[in-house]
Each structure stands twice: as structure tokens, then as C-alpha cells.
Amino acid sequence: MKILTGNDLKSGAVVWWTGHGWSLDVNDSTDVADHGPAIIAREEGAQNVFAAYVVDGEKTEAGVRPAHIKERIRAFGPTVRLDLALKPSDPAALNWVI
């Protein structure tokens, strides 16, 4: 599965392409197949997102999981302070990143 990530132009937050727009939750992301570059060009041109790129991911029972640890950290948040993570109440959150 190929998913898109980038940063929201207004807030700088990490966002994920849903097929209709951008979401803060990686589990909302959708497979873009080979359409990633075209979506990126359109969305960056419309100034909805910046620094967007395609990443490999997989759909698991727990949701969408980016293949590379860099994107898993971007999806989850800091790994050194779980209280600052995007899902601080999830006791298994650190297992998801690594």
C-alpha cells in the first residue's frame, strides 16, 4: 500500500491523505497506488500541504502502519514522552512505533 504524508500548510502538523483531504490520524489514510505524485502536485499547488511524499504502508488489524520507523514516529508523536504522543492513553502505543 502507498500512502501520502506531508505537513499542513497553516499549522505544520503531520497529515495523511484520506482520498478526499488531509487528516491528523494515519488510520484515515488511503492507498493512492501510483497516483501519489499527481495528488501531491495538486495539493501542494492548492497550498493545502507542503513537503508531501509517498510512503509504503500496510493495513493491519490495528489500522494503517507506515513501513518505515520515521513515518511511524511522525504518525505517533514523540517516543521519549508518551504523554506527548498523539494517543497518550494507549498502553501499547510504544509497541506500535517500534
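Whatever comes next refers back to the structure up there.
The present account deals with the structure reproduced in this document. None of the values given here were measured: they were computed from a predicted structure.

In this fold, Ala 41 is placed in helix 1 (residues 36–45). Owing to a relative accessible area of 52%, Ala 41 belongs among the exposed residues under this scheme.

This next bit is on the packing of aromatic side chains. Working definition: an aromatic ring pair is given by the centre-to-centre distance plus the angle between the planes. On inspection of all chains with the given rule, the structure shows one aromatic pair. With 5.2 Å between their ring centres and 65 degrees between their planes, Trp 17 and Trp 22 make a pair best called edge-to-face.

Our next topic: the pattern of salt bridges. Two side chains bearing opposite charge may form a pair once their charged atoms approach each other closely. Here the structure, examined in full by the defined rule, presents two salt bridges. The shortest N-O distance in the salt bridge between Lys 2 and Asp 56 comes to 2.5 Å. On the criterion of sequence distance, the pair formed by Lys 2 in strand 1 (residues 2–8) and Asp 56 in strand 4 (residues 49–60) is long-range, its members being 54 residues apart. We classify Lys 2 as partly exposed; its relative accessible area is 33%. For Asp 56, a relative accessible area of 41% translates into the label partly exposed. A salt bridge links Arg 42 to Glu 43; its shortest N-O distance comes to 3.5 Å.

Here helix 2 (residues 69–76) has its buried residues at Glu 71, Arg 72, Arg 74, Ala 75 and Phe 76. Within two residues after helix 2, Gly 77 carries a phi angle of roughly 110 degrees, on the positive side.

Here Asp 31 lies in the loop between strand 3 (22–23) and helix 1. The exposure class assigned to Asp 31 is partly exposed, which follows from its relative accessible area of 42%. For the pair Asp 31 and Lys 2, spaced 29 residues apart in sequence, the C-alpha to C-alpha distance is 5.2 Å. Once residues within four sequence positions are removed from consideration, Asp 31 is found in contact with Met 1 and Lys 2. Within the structure, Asp 31 has its side chain in polar contact with the backbone nitrogen of Ala 33 (distance 2.9 Å).

Moving on to the pairing of strand 2 (residues 14–17). Relative to strand 2, strand 1 runs antiparallel, the two being bridged by three bridges. Residue Asn 7 lies in a different strand from strand 2, and its bridge partner there is Val 14. Between strand 1 and strand 2, which pair antiparallel one after the other, the connecting turn spans five residues, and Gly 12 there sits at a positive phi close to 85 degrees. In this structure, strand 2 lies alongside strand 3, joined through two bridges in antiparallel fashion. In the sheet register, Trp 17 faces strand 3, and the bridge partner there is Trp 22.

Conventions used here
Residues numbered from 1 in each chain as written. Predicted model: local features only at pLDDT ≥ 70, side-chain atom pairs only at ≥ 80, totals over all residues. Heavy atoms only, no water. Helix = DSSP H or I, 4+ residues; strand = E, 2+ residues; numbered from the N terminus. Buried < 20%, exposed > 50% of the residue type's maximum accessible area, 1.4 Å probe, protein only. Phe/Tyr/Trp six-rings, centres within 6.5 Å; stacked < 30°, edge-to-face > 60°. Salt bridge = Lys/Arg side-chain N within 4 Å of Asp/Glu carboxyl O. Contact = heavy atoms within 4.5 Å. Polar contact = N/O pair within 3.5 Å; in protein donor to acceptor, adjacent residues only side chain to side chain. Pairing = 2+ DSSP bridges.

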